[in-house]
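# Working through the structure, step by step
This is what each chain is made of:
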Amino acid sequence: MTYDLVALVDGRPSSDDVLAGLAAAGESLGVRAVSGGAVVQLCGDDNLPLVSIELPLLIQVPGEVERMLGTSVGAVETPAWWVEIRATARDGARELAEKYAATLIKRLGGKVWTSEGVRTAEDELPMGTNEGTN
């Protein structure tokens with residue numbers, strides 16, 4: 001089963017932000033674009049995907065994030081950038097996805113939604129990243 005995260009960032013992720021997230025997830029991982037470049041995958045030594053990251057989407061309508069993710073996400077000011085991150089069930093994939101998301105929100109501000117709760121850049125995350133529950 002996959003583990004899904006949505007990074008809701010305050011600013012548009014730049015190439016530098018995306019590269020910083022990829023480096024934080026693991027510099028030894030393979031990177032490939034799929035779906036015409038709309039998705040970037042982090043791959044293990046066997047070239048199989050561990051994490052898929054979709055291109056950021058701009059959310060401009062107030063209340064839209066809460067409508068899609070539920071009220072547990074709390075208030076999200078718009079405009080916000082929605083970055084969907086999906087980890088496979090493979091060992092270590094979830095941690096890679098969390099490191100990527102944490103890097104984005106540390107650089108740009110915002111919060112990360114998961115089915116287990118919402119995290120902000122101020123929260124304590126395991127492994128030196130930023131992942132605690134509000």
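Note that residues are indexed from 1 along each chain, following the sequence as it is written. Reporting in this predicted model follows two pLDDT cut-offs: at least 70 for local features of residues, and 80 or more for side-chain atom pairs to be given and counted; totals over whole chains, interfaces and linings ignore these cut-offs and use all residues. Calculated side-chain values reflect all of the structure's heavy atoms, with hydrogen atoms and water omitted.

### Considering the side chain of Thr103
Position of Thr103 relative to the elements: it lies in helix H3 (residues 93–108). Each residue's exposure class comes from its accessible area (1.4 Å probe, protein chains only) as a fraction of the maximum for that residue type: buried when under 20%, exposed when over 50%, partly exposed otherwise. Taking relative accessible area as the criterion, Thr103 reaches 13% and is therefore assigned buried. Beyond its immediate stretch of four places on either side in the chain, Thr103 contacts Ala20, Gly21 and Ala24. Going along the chain from the N terminus, every DSSP run of H or I of four or more residues is numbered as a helix, and every run of E of two or more is numbered as a strand. Contacts between residues were defined by any pair of non-hydrogen atoms, one from each residue, lying within 4.5 Å.

### Thoughts on the pairing of strand E3 (residues 39–43)
Across the five residues that make up E3, a large majority, four, are buried. Both strand E2 (residues 30–34) and E3 contribute to a ladder of five bridges, which runs antiparallel. In the strand pairing of E3, Val34 is matched with Val39. The pairing criterion is simple: DSSP has to find at least two bridges between the two strands. Counting the residues between successive antiparallel strands, the hairpin from E3 to strand E4 (residues 49–54) contains five residues, one of them, Asn47, with a positive phi of roughly 65°.

### Notes on the layout of surface pockets
Over the atoms a probe the size of a water molecule is rolled, and this reveals where empty space is left. Here a cavity denotes a set of grid points, spaced 1 Å apart and computed over the protein atoms alone, in which a 1.4 Å probe fits but from which it cannot get out, and a pocket denotes an open set meeting protein on both sides within 12 Å along at least five of seven lines; residues with an atom within 4 Å of a point are reported as lining. Grid points are joined across faces, edges and corners, and a volume is the space filled by probe spheres set on the points. Its volume calculated, the largest pocket comes out at about 220 Å³. In terms of lining residues, the largest pocket is bounded by 15 residues, among which Val18, Glu54, Leu55, Pro56 and Tyr100 are the most central. Listing elements by their share of the lining of the largest pocket, those giving two or more residues are helix H1 (15–25), E4, strand E6 (80–87) and H3. With three residues, H1 is the largest single contributor of residues to the lining of the largest pocket. Three categories are distinguished: nonpolar for Ala, Val, Leu, Ile, Met, Phe, Trp, Tyr, Cys and Pro, charged for Asp, Glu, Lys and Arg, and polar for the others, with Gly belonging to the last. Its residues assigned to classes, the lining of the largest pocket shows eleven nonpolar, two polar and two charged.

### Re the nonpolar core
One recurring pattern in soluble globular proteins: nonpolar side chains tend to sit buried together. Definition used in this section: a nonpolar core is a set of buried Ala, Val, Leu, Ile, Met, Phe, Trp, Tyr and Cys residues joined via side-chain atoms within 4.5 Å. Among the nonpolar cores identified, the biggest contains 23 residues, and Ala7, Val51, Ile53 and Ile85 are the most heavily contacted of them. Elements supplying a minimum of two residues to this core: strand E1 (3–9), H1, E4, E6 and H3. For this core, the element with the most residues is H3, which contributes seven residues. Filtering out sequence-adjacent residues up to four positions away, Ile85 remains in contact with Tyr3, Asp4, Leu5, Ala7, Val51, Ser52, Ile53, Ala97, Tyr100 and Ala101.

### Description of the confidence of the model for the chain
When pLDDT is averaged across the chain, the result is 86; 89% of the residues are at 70 or more. For every residue, the pLDDT score states the predictor's confidence, bounded by 0 at the bottom and 100 at the top. Contacts for the low-pLDDT stretch residues 124–134, under 50 throughout, to residues beyond four places or in other chains number 34 contacts.

### Regarding H3
One fewer than the residue count of a helix, multiplied by 1.5 Å, yields its expected span. With 16 residues, H3 extends 23 Å between its outermost C-alpha atoms, agreeing within 8% with the 22 Å of an ideal straight helix rising 1.5 Å per residue. For H3, every residue scored as buried is listed here: Ala93, Leu96, Ala97, Glu98, Tyr100, Ala101, Ala102, Thr103, Leu104 and Ile105. Directly after H3, the chain includes Gly109, whose backbone phi takes a positive value near 85°.

### Some words on H1
Taken residue by residue, H1 has Asp17, Gly21, Leu22 and Ala25 as its buried positions. Around the axis of H1, the buried residues are gathered within 135° of arc, so they sit on the same side. Those residues of H1 that are exposed and aimed more than 90 degrees away from the buried face are Ser15, Asp16 and Leu19. Buried positions along H1 lie against E2, E3, E4 and H3. Directly after H1, the chain includes Gly26, whose backbone phi takes a positive value near 155°. Directions pointing from the helix axis toward each C-beta atom define the arc.

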